Amino acid sequence: MSIETFDPIAYFENRDIVYSTEGKNVTEGWCNIECPFPFCNDPSNHMGVNLESKLFSCWACGEKGGMDRLIQELEGCTWPESQVILSQFQENPYKDIPLDTKYPETGSKTVRSRDMKDILSSFSDQFPKIHLNYLKGRDFDPEILIPKYRLKACYNTGKYKFRIIAPVIMDNEIVSFVGMDVTRQAKVPYKNASDSESVISIKSCLYNLDNANETVILVEGITDVWRIGDGAIGTFGKKVTDEQVNLLIRNGIEKIYILSDSDAYYDWKILAEMIAPVFNSVELLELNSGDPENLRGDNLKEIQDLIRK
Ligand SMILES: [Zn+2]
């Protein structure tokens, strides 16, 4: 699923939005509608969507951007909801095969918050002792952590057995999750939800982004975020994707402190150099030893003070 393969015409038809692909104001390869932006006084159809790039642009008021932004404006919905809508109106992958073949269905359901699928339905709010002891053993207080990060537990069955489930929340919607091993035996201590288990692919999300201001500390893991608190945001691993960098830009982040795990310092040094031009300030921090999660006392406070002035 991507914006590039979104089918604007199928979407406009489904939503009864009047559009034209030819005639007055319409350039070939574009599809025009009435501009939905509040400060646009244009009563005509000057809002064009380029059918190739899927970028929109209003000739009257100058608004432009991607389909996710246009959908948010048309529906008054959150960004995660716009992603779900994008996924429902994808171009038919079989459009070039003969007409007598049965076409796969394109989505038609109107998505609102209450309809977003509950991807955590198989997990529990009851925490077994082993899960609680694991958190305490890592110097976290379950009484604070569980409600704050809306954690759940998976007990002894299924793919996520003996894991604490940390939901990934974007714009207050649960869109993915991480399963964290409590046995200290698993080969993969942090298991990210697959794309099919998620509403939005986890590597297109950032952990705890909803609770960040313009100054943030970028860390790898969810436990690094738990240790530092609000203002720290997690990338779910060493690799930082373009989508994640775009999210930082989209959310108006201005100042970024980059705090890698000790084994990823040089990778994140390259990251820092790469993203420096697009933010007001990017600063690479280095720990003497260990990972951000291991910070305690004055060392921890020093880091927290960077984002809590
Ligand atoms: Zn306009």
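Residues numbered from 1 in each chain as written. Predicted model: local features only at pLDDT ≥ 70, side-chain atom pairs only at ≥ 80, totals over all residues. Heavy atoms only, no water.

Trainee: I would appreciate a short explanation of the packing of aromatic side chains in the present structure.
Mentor: Any two aromatic rings considered together are summarised by their centre-to-centre distance and by the angle between their planes. Per the counting criterion, the structure on display carries 15 aromatic pairs. Measuring from centroid to centroid gives 5.7 Å for Tyr11 and Phe12, while their planes differ by 50°, and the two rings are tilted. Where Tyr265 meets Tyr266, the ring centres are 5.2 Å apart and the plane angle is 90°; that geometry is what we call edge-to-face. For Tyr265, a relative accessible area of 16% translates into the label buried. Grouped by ring-pair contacts, the aromatic residues Phe6, Tyr11, Phe12, Tyr19 and Phe89 constitute a single cluster. Seen from the ring of Tyr149, Lys148 lies directly overhead, with NZ or CZ sitting 5.1 Å from the centre. Positioned above the aromatic ring of Tyr160 is the side chain of Lys191, whose terminal nitrogen or guanidinium carbon lies 5.6 Å from the ring centre. (Phe/Tyr/Trp six-rings, centres within 6.5 Å; stacked < 30°, edge-to-face > 60°. Buried < 20%, exposed > 50% of the residue type's maximum accessible area, 1.4 Å probe, protein only. Lys NZ or Arg CZ within 6 Å of the ring centre and 35° of its normal.)

Trainee: Please clarify how the pairing of strand β6 (residues 163-170) should be interpreted in this entry.
Mentor: The side chains of a regular strand alternate, first on one face of the sheet and then on the other. Among the eight residues in β6, eight count as buried, and that is most of the element. Burial of the side chains of β6 extends over both faces: Arg163, Ile165, Pro167 and Ile169 are buried on one face and Ile164, Ala166, Val168 and Met170 on the other. Both strand β5 (residues 152-154) and β6 contribute to a ladder of three bridges, which runs antiparallel. Bridge pairing in β6 places Lys152 opposite Ile165. In this sheet, strand β7 (residues 173-181) lies alongside β6 in antiparallel orientation, the contact comprising eight bridges. (Helix = DSSP H or I, 4+ residues; strand = E, 2+ residues; numbered from the N terminus. Pairing = 2+ DSSP bridges.)

This is a description of form; function is not addressed.
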